[in-house]
Amino acid sequence: MSDELELLRAANLVPAGAARWRDRPLDATAERGLNRLLHHTRTRRARRRLVLRAEAAVLALVAVLAFTLTDAGSSRAVAAPAALVPQAAGATPSLDGLARLAQARARTAGPQDGPRRGSHLQSWSLSMGTGPDAASPVTVPEERITRWNADGSGSELVVATDPQHPGRPVIHDDDGRWRTVRDGKVLHRATYPAGSGAPHDGLAARTKPPTDPTALRALLTSLYGAANRDGDDPSAVPQLLMALSSYRQEWTPGPRETAAIVRMLADTEGLRPAGAVTDRLGRRGQAFVHDGPDGAMDATRQMVILDPRTGQLLGTEITFTKDLPDFRITAGQVMSYEAWMS
């Protein structure tokens, strides 16, 4: 019980100094705190059931908030994106080969090539409801950029992107200080002065990413609830990849941190090469997938996309591998995706 209470205190979903809650989306830190709460359990079996059921509930909540804030009720429901299709033609690089390539690149990196606090990503998640009266899925792709400085100052910006042009970036750097937005509806925008105690300033954000794969696995376990394994249990892959996503929202890794990520994945049982793929930002990558068990709530395929030249984590995708009639889900449908930018 003490572990759960500590997680609850750390999550701090609605700080005391925040404005009246009402119906508005969680900020980036609150989402990560809620994610850690929902994915932390005492046993592997309980964790797996809780993760998938709680994730469905969270996705439904996010979709309802997006529906309210983006006036989706007055427009046509947004169609789910098509799943990415890897092409297995020709030689397919292995994770071990990419790990060696990333390590060679890390050896030539300079002091200026370290990790950067914050991230830039596009994401989409399917809303799910059960029963004959459940509303049709209405979701909006989002683009999110966060930047934090050593003195505690920083900024957050979340934009609902144009569903007719998914994958097209709409947030652009403006001299590294502010962001200009094109063709998107701003859902959240905030700036924080130095020393303000901004909501991003938690333990995870203050913990510099390690450059050792063993230390990285331990970090993902302690901060984000990944299964505490040595990589030899394929059933632990879903928790590991969700923890890696949370970590990636806190930090943009440099070449040395990227090398640690790829080596950790290479040392993890349960990920297999699937071929070359073009991600939703038009980048060529190599896909590696993990297929979950055939149980009703575990029937998903998780895909990790890496840059074949650098090993950089480009994105992730989760698709269903089995029909779920209660949720009106068909096999092959996308559950969520993330596309990471530098």
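It should be noted that the structure appears before, not after, this text.
All figures in this text were calculated on a predicted structure; none of them were measured in a lab.

> Please give an account of the packing of helix 6 (residues 213–224) against helix 8 (residues 255–266) that cites residues and values.
Running from N to C, helix 6 and helix 8 cross one another at 80°; their axes reach a closest spacing of 8 Å. On the basis of the axis angle, helix 6 is roughly perpendicular to helix 8. Taking contact as the criterion, the partners of Pro213, Leu216, Arg217 and Leu220 in helix 6 are, on helix 8, Ala260, Ile261, Arg263 and Met264. Of the residues contributing to the contact of helix 6 with helix 8, the split by class is six nonpolar, no polar and two charged.

> Can you tell me about the pairing of strand 2 (residues 142–148), naming the residues and giving the values?
With seven of its seven residues buried, strand 2 lies for the most part within the structure. Side chains Glu142, Arg144, Thr146 and Trp148 project from strand 2 onto one buried face, and the interleaved Glu143, Ile145 and Arg147 project onto a second face that is buried too. Sheet topology places strand 1 (residues 116–125) next to strand 2; six bridges connect them, and they run antiparallel. When the bridges of strand 2 are listed, leucine 121 appears paired with arginine 144. Two elements, strand 2 and strand 3 (residues 154–160), share seven bridges in a ladder whose sense is antiparallel. In the strand pairing of strand 3, glutamate 143 is matched with valine 159. Between strand 2 and strand 3, which pair antiparallel one after the other, the connecting turn spans five residues, and glycine 152 there sits at a positive phi close to 95°.

Criteria and cut-off values
- Counting from 1, residues in each chain are numbered in the order their sequence is written.
- Side-chain atom pairs in this predicted model are given and counted only at pLDDT of 80 or more, local residue features only at pLDDT of at least 70, and totals for whole chains, interfaces and linings cover all residues.
- Heavy atoms throughout the structure, all of them, feed into the side-chain values; hydrogens and water do not.
- Lines are fitted to the C-alpha atoms to define the axes, a helix being fitted only along its stretch in contact, and any angle between axes, read from their N-to-C directions, falls within 0 to 180 degrees.
- Each helix corresponds to a stretch of at least 4 residues labelled H or I by DSSP, and each strand to a stretch of at least 2 residues labelled E; elements are numbered beginning at the N terminus.
- Note on terminology: angles under 35 degrees are roughly parallel, angles over 145 are roughly antiparallel, angles of 65 to 115 are roughly perpendicular, and the others are oblique.
- The contact criterion used is simple: two residues touch if any of their non-hydrogen atoms lie within 4.5 Å.
- Lys, Arg, Asp and Glu make up the charged group, whereas Ala, Val, Leu, Ile, Met, Phe, Trp, Tyr, Cys and Pro make up the nonpolar group; the residues left over, Gly among them, are polar.
- Relative accessibility thresholds used throughout: buried, under 20% of the residue-type maximum; exposed, over 50%; partly exposed, between the two (1.4 Å probe, protein chains only).
- Each pair of strands is called paired provided DSSP finds at least two bridges between the two strands.

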